[in-house]
Amino acid sequence: MFEMLKRWFGGGRAGENGAASAGGEMISCEKALASLYEFMDGELDDLSQEAVEAHFETCARCHPHLSVQRSFRTRVQAALSRPEVPEGLRNRVVDLLAGSDSEI
Amino acid sequence: MVEDTGPERNSFEDEALPHLDAVYRFALRLSGAPDAAEDLVQETFLRAFRAWDQYTPGTRAKSWLFTICRNVFLRHRERGMRHDRIVETQAPREDTGGTVGDVVNPLWTSSMGSDPEGSFFEAIVDEKVLEAIDALPEEYRTAVVLSDLEGLAYAEIAELMEVPVGTVKSRLFRGRRQLQEVLYDYAIEMGYIGAREGPEDPLRASAGEGA
């Protein structure tokens, strides 16, 4: 944890203006942050996806935003998948369809 | 087609029924209560079964079922038959425009120093998270559930909700933002996030920004 913080905030890899490069393409912090959800949702084309990823990996200023959003999503996903499906629901549906079958 | 319901029945069981759990979880978030969700699932599958000849094989049966499920839900709600335990907020009318690009939540600038990973989310119990999701306007809630739980593409969600992709983006943005704000406030209240260092509170400072 400490090491990561040091890496983020200790300057270093991140470009002077927070710009990072991926395959030669430089994108700004502004652009990376604006694409954050599209990046996380896998909605960017391969090239942009790579560029945004490279930015977040190397930019100390932006990286925490990705971490927070990932942590948020993990939490939401877990909560949404928690509810148990009622026992017997499947059978009730199958019966319902069978009944509707013979009605027709 | 003809009277031959046997093979049709089989393909429905193969293609549609495996999505029962997913449809139930979606229905549960739409309706907010297990009983209502069960009813919704049964009606969804019955309608899907009866309209099975309109389903294009090879397309996503799951999306198709979600579409039916939501339409059934909305129709019931219109008729005021909603089993309603949810206090749902209303989505602002103009939900296409706005500040979609502005992903940086002013919230984080205050907590990031002490919690750069956003690990406070882990401390929040499921019930609280679900309660916050259920309080979202339906338009936001549906988008968030379909994206974050089901991993549907924006284009699929757009088709399902019959809105442009840009609107989906906007709904996801707003829904997630609203959720984060509620959960953040809760985390502060519960002491999962320590007292903030600076005197300024970006969230409060920008309160009423109309996001």
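Every chain's residues receive numbers from 1 upward, in the order its sequence appears when written. Labels follow written order: the first chain is A, the first ligand is 1, and so on. The model is predicted, so local features are restricted to residues of pLDDT at least 70 and side-chain atom pairs to those at 80 or more, both for listing and for counting; the totals for chains, interfaces and linings are taken over all residues.

*Asks:* Before we move on, could you go through the overall build of chain A and cite the residues and values that matter?
*Replies:* Counting from the N terminus, the helices are the DSSP runs of H or I reaching at least four residues and the strands are the DSSP runs of E reaching at least two. A tally of helices and strands in chain A yields 6 helices and 2 strands. Beginning at the N terminus, the succession of helices and strands in chain A can be written as α-β-β-α-α-α-α-α. Residues classed as buried in chain A amount to 29% of the 104 residues present. Our exposure labels follow a C-beta count within 10 Å of each residue's own C-beta, placed from the backbone: buried means 20 or more other C-beta atoms, exposed means 12 or fewer, and partly exposed covers the counts in between.

*Asks:* I'd like to hear about the overall build of chain B, residue by residue, with values.
*Replies:* Each helix and strand in chain B was counted, giving 11 helices and 0 strands. For chain B, the α and β elements follow one another from N to C terminus as α-α-α-α-α-α-α-α-α-α-α. Put simply, chain B has 211 residues, and 36% of those count as buried.

*Asks:* Kindly report on the interface of chain A and chain B, identifying the contributing residues and their values.
*Replies:* Throughout, a residue-residue contact means that the two C-beta atoms, derived from backbone geometry, are no farther apart than 7 Å. At the interface, 32 residues of chain A touch 39 residues of chain B. At the level of secondary structure, the elements contributing two or more residues to the side of chain A that touches chain B comprise α2 (29–34), α3 (36–40), α5 (63–81) and α6 (89–103) of chain A. A total of 13 residues in the side of chain A that touches chain B trace back to one element, the largest contributor, which is α5 of chain A. Tallied by class, residues from the side of chain A that touches chain B come to 18 nonpolar, 6 polar and 8 charged. Only Asp, Glu, Lys and Arg are considered charged in this grouping, and only Ala, Val, Leu, Ile, Met, Phe, Trp, Tyr, Cys and Pro are considered nonpolar; every other residue, Gly among them, is considered polar.

*Asks:* Tell me about helix α8 (residues 138–149) of chain B, and please be specific about residues and values.
*Replies:* With 12 residues, α8 of chain B should cover 16 Å at 1.5 Å per step; its first-to-last C-alpha distance of 15 Å lies within 8% of that length. Taken across its 12 residues, α8 of chain B has 10 buried, putting it largely inside the fold. Regarding α8 of chain B, the residues found buried are Glu139, Tyr140, Arg141, Thr142, Ala143, Val144, Val145, Leu146, Ser147 and Asp148 of chain B. Buried residues belonging to α8 of chain B abut α5 of chain A together with α2 (20–31), α4 (61–78), α7 (126–134), α9 (154–161) and α10 (165–190) of chain B. Two residues or fewer after α8 of chain B comes Gly151 of chain B, characterised by a positive phi angle close to 65°. The length a helix should cover is 1.5 Å for every residue beyond the first.

*Asks:* Describe the nonpolar core, listing the residues and the values that go with them.
*Replies:* General note: in soluble globular proteins, nonpolar side chains tend to be found buried as a group. All names here are of chain B. Buried Ala, Val, Leu, Ile, Met, Phe, Trp, Tyr and Cys residues whose C-beta atoms connect them within 7 Å together make up a nonpolar core. Val23, Ala27, Leu40, Val41, Leu65 and Cys69 are the most contacted members of the largest nonpolar core, which has 51 residues in total. Tallying contributions element by element places α4 first for this core, with 8 residues. Per the annotation, domain bounds derive from an automatic or database assignment of domains. When residues of this core are assigned to domains, at least three map to each of domain 1 (5–78) and domain 2 (106–205).

*Asks:* A description of the domain arrangement of chain B should follow, citing residues and the corresponding values.
*Replies:* Residues and elements named next belong to chain B. Once the domains are mapped, chain B shows domain 1 (5–78) and domain 2 (106–205). Counting residues at the interface gives 10 residues for domain 1 and 11 residues for domain 2. If you list the elements that add at least two residues to the side of domain 1 that touches domain 2, you get α2 and α4. Taken together, the residues that form the side of domain 1 that touches domain 2 break down as 3 nonpolar, 3 polar and 4 charged.

*Asks:* Quick one: what's the story with the environment of Phe56 of chain A, residue by residue and with numbers?
*Replies:* All names here are of chain A. Looking at the secondary structure, you find Phe56 in helix α4 (residues 46–58). The spatial distance from the C-alpha of Phe56 to the C-alpha of Ser67 is 9.5 Å, given a sequence separation of 11 residues. With residues up to four places along the chain from it excluded, the contact list for Phe56 reads Ala32, Cys62, His63 and Leu66.

*Asks:* Run through the confidence of the model for chain B, naming residues and quoting values.
*Replies:* All names here are of chain B. Within a predicted model, pLDDT stands for the predictor's per-residue confidence, ranging from 0 to 100. Mean pLDDT over chain B works out to 82, with 72% of the residues at or above the 70 mark. When the criterion is pLDDT under 50, residues 82–86 qualifies, and its contacts beyond four places in sequence or with other chains add up to 11 contacts. Between residues 197–211, whose pLDDT stays under 50, and residues either more than four places distant or in other chains, the model counts 16 contacts. In the model output, the complex is listed with pTM 0.79 alongside ipTM 0.79.

*Asks:* Which residues make up α4 of chain A, and what are the values?
*Replies:* Between its first and last C-alpha atoms α4 of chain A spans 18 Å; for 13 residues at 1.5 Å apiece the expected length is 18 Å, and the two agree. Among the residues making up α4 of chain A, those that are buried are Ala51, Val52, His55, Phe56 and Thr58 of chain A.

*Asks:* Account for the confidence of the model for chain A, naming residues and giving values.
*Replies:* All names here are of chain A. Within chain A, residue pLDDT values average 81, and 72% of them lie at 70 or more. The secondary-structure element of chain A with the lowest mean pLDDT is strand β1 (residues 20–22), recorded at 43, while α3 shows the highest, at 96. Low pLDDT, under 50, characterises residues 1–23; the predicted model gives this stretch 30 contacts beyond four residues in sequence or across chains.

*Asks:* Describe in detail the packing of α8 of chain B against α10 of chain B, supporting the description with residues and values.
*Replies:* Residue and element names in this part refer to chain B. Closest axis-to-axis distance for the α8/α10 pair is 8 Å, and the angle between their directions is 95°. With respect to α10, the element α8 is oriented roughly perpendicular. Counting all contacts with α8, which are made through Glu139, Tyr140, Arg141, Ala143, Val144 and Ser147, the residues of α10 involved are Val168, Arg171, Leu172, Arg174, Gly175, Arg176 and Gln178. Classifying every residue of the contact of α8 with α10 by side-chain character gives 5 nonpolar, 3 polar and 5 charged. Angular values range over 0 to 180 degrees, each being the angle between N-to-C directions of two axes fitted as lines to C-alpha atoms, with helices fitted over their stretch in contact. Geometric relationships in this document are graded by angle, where less than 35 degrees denotes roughly parallel, more than 145 denotes roughly antiparallel, 65 to 115 denotes roughly perpendicular, and other angles denote oblique.

*Asks:* I'd like a description of unusual backbone geometry, backed by residues and values.
*Replies:* Negative phi characterises most residues that are not glycine, and trans characterises most peptide bonds. Residue and element names in this part refer to chain B. Even without glycine at this site, Glu162 takes up a positive phi of about 55°. Here Glu162 lies in the loop between α9 and α10. Owing to 10 C-beta atoms within 10 Å, Glu162 belongs among the exposed residues under this scheme.

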